[in-house]
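So the chains spell out like this:
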Amino acid sequence: MSLNTPVPSEVTSRDLRNLEVGTANIYQTIAIISKRANQLSLEQKDELHDKLAEFAPSTDNLEEVFENREQIEISTYYEKLPKTTIVATEEFIHDKIYFRMPVAEVTEEEK
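What am I meant to see in the environment of Leu19 here?
Relative to the assigned elements, Leu19 resides in helix H1 (residues 16-19). Setting aside residues no more than four positions away along its own chain, Leu19 makes contact with Arg14, Ile26, Thr29, Thr89, Phe92 and Ile93.

Okay, structure coming up:
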């Protein structure tokens with residue numbers, strides 16, 4: 001996961017009125033941020049599984065299970081990464097998320 005925007009390492013409170021500027025609706029903003037966080041989470045999960053798959057034993061023998069130092073280092077690296085919701089929120093604040101609002105169809109009765 002690569003991110004060009006700085007992610008704060010401490011807790012930051014946000015004014016919800018500032019978050020809804022791009023969409024004019026806080027619920028749409030939260031939906032956009034949550035979808036982006038899910039995307040980032042899936043990317044992170046796939047990366048982690050690909051890296052850990054290299055260490056998977058070729059046989060399923062429980063007696064041969066042992067701790068691998070490289071595997072532990074990879075796991076701790078991913079544990080220390082910032083949470084995807086924080087990353088997605090920072091991307092939204094810095095206009096790094098592309099989203100589009102679907103246009104609601106107007107029926108004859110509503111005109």
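I would appreciate a short explanation of the packing of helix H2 (residues 26-53) against helix H3 (residues 69-80) in the present structure.
Packed helix pairs are characterised by how far apart their axes lie and by the angle those axes make with each other. Contact geometry for H2 and H3: axes closest at 10 Å, N-to-C directions at 175°. Here H2 lies roughly antiparallel to H3, going by the angle between them. Listed contacts from H3 to Gln44, Glu47, Leu48, Lys51 and Leu52 of H2 are Gln71, Ile74, Ser75 and Tyr78. Here the contact of H2 with H3 is built from residues that sort into four nonpolar, three polar and two charged.

What exactly am I supposed to notice about the packing of aromatic side chains here?
In this description, a pair of aromatic rings is defined by centroid distance and the angle of the planes. Here the structure, examined in full by the defined rule, presents two aromatic pairs. Centre to centre, the rings of Tyr77 and Tyr78 are 5.3 Å apart; their planes meet at 85°, and the pair counts as edge-to-face. A relative accessible area of 48% places Tyr77 in the partly exposed class. For Tyr78, a relative accessible area of 10% puts it in the buried group.

Any chance you could explain the nonpolar core here in plain terms?
As a rule of thumb, nonpolar side chains are buried together in soluble globular proteins. Core analysis: the largest hydrophobic core is formed by ten residues, namely Leu19, Ile26, Ile32, Ile33, Ala37, Leu40, Val87, Ala88, Phe92 and Ile97. In contact with Ala37, other than residues within four places in its own chain, are Thr84, Thr85 and Ala88.

So, how was this worked out
- Residues numbered from 1 in each chain as written.
- Predicted model: local features only at pLDDT ≥ 70, side-chain atom pairs only at ≥ 80, totals over all residues.
- Heavy atoms only, no water.
- Helix = DSSP H or I, 4+ residues; strand = E, 2+ residues; numbered from the N terminus.
- Contact = heavy atoms within 4.5 Å.
- Axes fitted to C-alpha atoms, helices over the stretch in contact; angles between N-to-C directions.
- Parallel < 35°, antiparallel > 145°, perpendicular 65-115°, else oblique.
- Nonpolar A, V, L, I, M, F, W, Y, C, P; charged D, E, K, R; others polar.
- Phe/Tyr/Trp six-rings, centres within 6.5 Å; stacked < 30°, edge-to-face > 60°.
- Buried < 20%, exposed > 50% of the residue type's maximum accessible area, 1.4 Å probe, protein only.
- Core = buried A, V, L, I, M, F, W, Y, C linked by side-chain atoms within 4.5 Å.

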